[in-house]
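Chain by chain, the residues run as shown.
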Amino acid sequence: MTDGHLFNNILLGGRGGTNPGQLKVHAGGIAWRKQGGGKIIDVDKADIARVTWMKVPRAYQLGVRLKDGLFYKFIGFREQDVSNLTNYIQKNIGLTPEEKQLSVTGHNWGEIDINGNMLTFLVGSKQAFEVSLADVAQTQLQGKTDVYMEFHVDDTTGATEKDSLMDLSFHIPTSNTQFVGDENRPPAQVFLDTIVSLADVGSSEEPFLTFEGIAILTPRGRHSVELHLSFMRLQGLANDFKIQYASIVRLFLLPKSNQPHTFVVITLDPPIRKGQTLYPHIVIQFETEYVIEKNLLLSEELLSTRFKDRLEPSYKGLIHEVFIKTLRGISGAKVTRPGSFRSCQDGYAVKSSLKAEDGLLYPLEKGFFFLPKPPTLILHDEIDFVEFERHGAGGSSVSSHYFDLLVKLKNDQEHLFRNIQRNEYHNLFEFIKAKGMKILNLGGSQTTNGVTAALHDDDDDAVDPHLERIKNAAGDESDEEDEDFVAEKDDGGSPTDDSGEEESDASESGEEKKSSIKDSKKEATGVKAPSAKGKSRDGDEEGSKKRKPKRKKDPNAPKRAMSGFMFFSNAERENLKKGNPGMSFTDVGRALGERWKKMTAEEKDPYESMARADTKRYREAMADYKSGGPSTNVDSGASD
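Residues numbered from 1 in each chain as written. Predicted model: local features only at pLDDT ≥ 70, side-chain atom pairs only at ≥ 80, totals over all residues. Heavy atoms only, no water.

Peer 1: Would you explain the overall build of the protein chain in this entry?
Peer 2: A count of helices and strands for the protein chain gives eleven helices and 32 strands. The proportion of buried residues among the 640 residues of the protein chain is 44%. Sequence-distant contacts in the protein chain: of pairs separated by 6 or more residues, those separated by 24 or more amount to 53%. Approximately 34,700 Å² of the protein chain is accessible, and the part contributed by carbon and sulfur atoms is 47%. (Helix = DSSP H or I, 4+ residues; strand = E, 2+ residues; numbered from the N terminus. Buried < 20%, exposed > 50% of the residue type's maximum accessible area, 1.4 Å probe, protein only. Contact = heavy atoms within 4.5 Å. Areas by Shrake-Rupley, 256 points an atom, 1.4 Å probe, with all protein chains shown as cover.)

Structure representation (structure tokens):
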């Protein structure tokens, strides 16, 4: 690697556990990205105050302390990495990493070192443990010598971990010389005051900015959003979430097309938890044209030092802009806005549905975002391919006005966005193509001409396997209407109607049909009259068309020829059922139909050859049957 060092499987340590990821140390600083995407930590070398090395069980830990008090622990380095990185950091970042030792004696008596907002407990000058004072929810004095700390059960901490630090107690004897006190103010009280000043508890717990009555769509409810110095609080009637700013991965500001609302999405890693449900995205809906004016309850000293060039004393403007600016300033998270994509109505998103929920699909510069429910973020790097599919091909007349977008991820997960309006196809296709993503068309080939033709043609002319089966079964025997093929027997285009494998033999020669009509008229008196549905609305029975009774099949007649699709279905149906136990009959048929549509001509050729041979067999058998010769009744392979 020409610029810096890259390490895989490096753990980011924290109070709630560890997360694996990739770490890069380069000339401009240090960057860490969570494995599988998500949380990103990007530290500029100008913000680094101190770098340390520590030997931990089975690995080495790199500690990075920032000038604003934050501390990151990266675990998983080998012994040979220590010397290489030490030289690189000295040369490019300008700091000399210090070596710290870990105490493994198990002693609980030692000294306290407070550096920034990090509290380190030392045993014989070696570190026993350290905690961030920003995680302290409350602290109090117990007696005259004990200080009790209760750590905030962060709604993001412990969401995926079994263990998390809850409370801690320190014993500060009156003879302590580190925190010197007097008769009215013992050393434990001095230590408590120090913790309170660094932990943002007590009087400093008041928020510096509050947004009242904000509509949050996920998790649903109206909340007051409070911004504190070390955390954000969502307070509602039934829920109260407290979120550390370090958990905010990214902010999204996405206007709704042609509607007076704007989405603001806060992406978290790890997610907040409500009961057993995890919420990685907080979706907030603001009124787009609502203007507010807010003053920040922060001292001039804080604004000029800690939040210099990040926050202003007061804000006036649209509510979503004020919210996003202040939250970005306090958390340091980046903001994503709509990119170059425009819909046919010059909007930033297209209407779609995901998992039976209607919403908007935002094509962004680095991913897709479906909102509001379920909020689904898909990064371009995670996508294996996308496929444009016609909505409900072969069935509904409305199918030609909509299409579906299938997004297949590299981990084999799929997202199907349905009911996208047809006029959105061109802009969406060109956007995806420009991003270099792999696109599969309806036929399964790598070109996209078939997709464009299918979605731009006025006629919904996709191959309907069921219709093909009917056509192939009829053959060239007759051009007249098949008397047995009535509306009530049609399955609406599904290629899975096994009952059609042995259909009526009414599609015989025209002469035989004419003679059979006379016989059916003679038997009509013994047949039940058609239902009222077959009559005209005014009740005129003579003007209505009466349905012709279905003739009984001749058991000696040869079985009709099967199409290539039917041979394919018989060969693959059981395999599909074994691989998907519990799959319904309809779903099996639909899956077989989809497979058949995506097969190439070469893949279909064996089954089409079988169909041609079966058609030849049927014609020869039918010729013998009509001539009065012996019935062949050769089984074509259709299941009874």
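Peer 1: For this particular structure, what's the right way to read unusual backbone geometry?
Peer 2: Thr218 connects to Pro219 through a cis peptide bond whose omega is -10 degrees. Its location among the elements puts Pro219 in the loop between strand E15 (209-218) and strand E16 (221-227). Of the consecutive residues Lys373 and Pro374, the connecting peptide bond is found in the cis state with omega at -10 degrees. Counting through the fold element by element, Pro374 comes out in the loop between strand E27 (367-371) and strand E28 (376-379). Backbone geometry places Asp309, a non-glycine residue, at a positive phi of 65 degrees. Relative to the helices and strands, Asp309 resides in the loop between helix H3 (300-304) and strand E23 (314-318).

Peer 1: What is the right way to look at the packing of helix H9 (residues 564-579) against helix H11 (residues 601-626) in this model?
Peer 2: If you want to describe how two helices pack, look at the angle between their axes and the distance between the axes. At a minimum axis distance of 7 Å, the contact between H9 and H11 shows a crossing angle of 120 degrees. With respect to their mutual orientation, H9 and H11 come out oblique. Crossing of H9 over H11 shows right-handed handedness. From H9, Gly564, Phe567, Phe568, Ala571 and Glu572 reach across to H11, where they touch Tyr607, Glu608, Met610, Ala611 and Asp614. Grouping the amino acids of the contact of H9 with H11 by side-chain chemistry returns six nonpolar, one polar and three charged. (Axes fitted to C-alpha atoms, helices over the stretch in contact; angles between N-to-C directions. Parallel < 35°, antiparallel > 145°, perpendicular 65-115°, else oblique. Left-handed = near helix turned anticlockwise from the far one by under 90°. Nonpolar A, V, L, I, M, F, W, Y, C, P; charged D, E, K, R; others polar.)

Peer 1: Honestly, a positive patch on the surface in this entry has me stumped. Any pointers?
Peer 2: A contiguous patch of positive charge on the surface is contributed by Arg33, Arg328, Lys334 and Lys366. By secondary structure assignment, the location of Arg328 is in helix H4 (residues 319-331). (Patch = residues over 30% accessible without salt bridge, like charges linked within 9 Å, V, L, I, M, F, W, Y side chains within 5 Å. Salt bridge = Lys/Arg side-chain N within 4 Å of Asp/Glu carboxyl O. Lys, Arg positive; Asp, Glu negative; His and termini not counted. Charge placed at Lys NZ, Arg CZ, Asp CG, Glu CD.)

Peer 1: Sorry if this is basic, but what is going on with the nonpolar core here?
Peer 2: The nonpolar side chains of a soluble globular protein tend to be buried with one another. By size, the foremost hydrophobic cluster in this structure holds 38 residues, and its most contacted members are Phe211, Met232, Ile266, Ile282, Ile284, Phe323 and Leu327. For this core, the element with the highest residue contribution is H4, accounting for six residues. Filtering out sequence-adjacent residues up to four positions away, Phe211 remains in contact with His223, Ser224, Val225, Leu227, Ile292, Ile319, Val322, Phe323 and Thr326. Within the second largest apolar cluster, 24 residues are counted, among which are Trp32, Val43, Tyr72 and Phe74. (Core = buried A, V, L, I, M, F, W, Y, C linked by side-chain atoms within 4.5 Å.)

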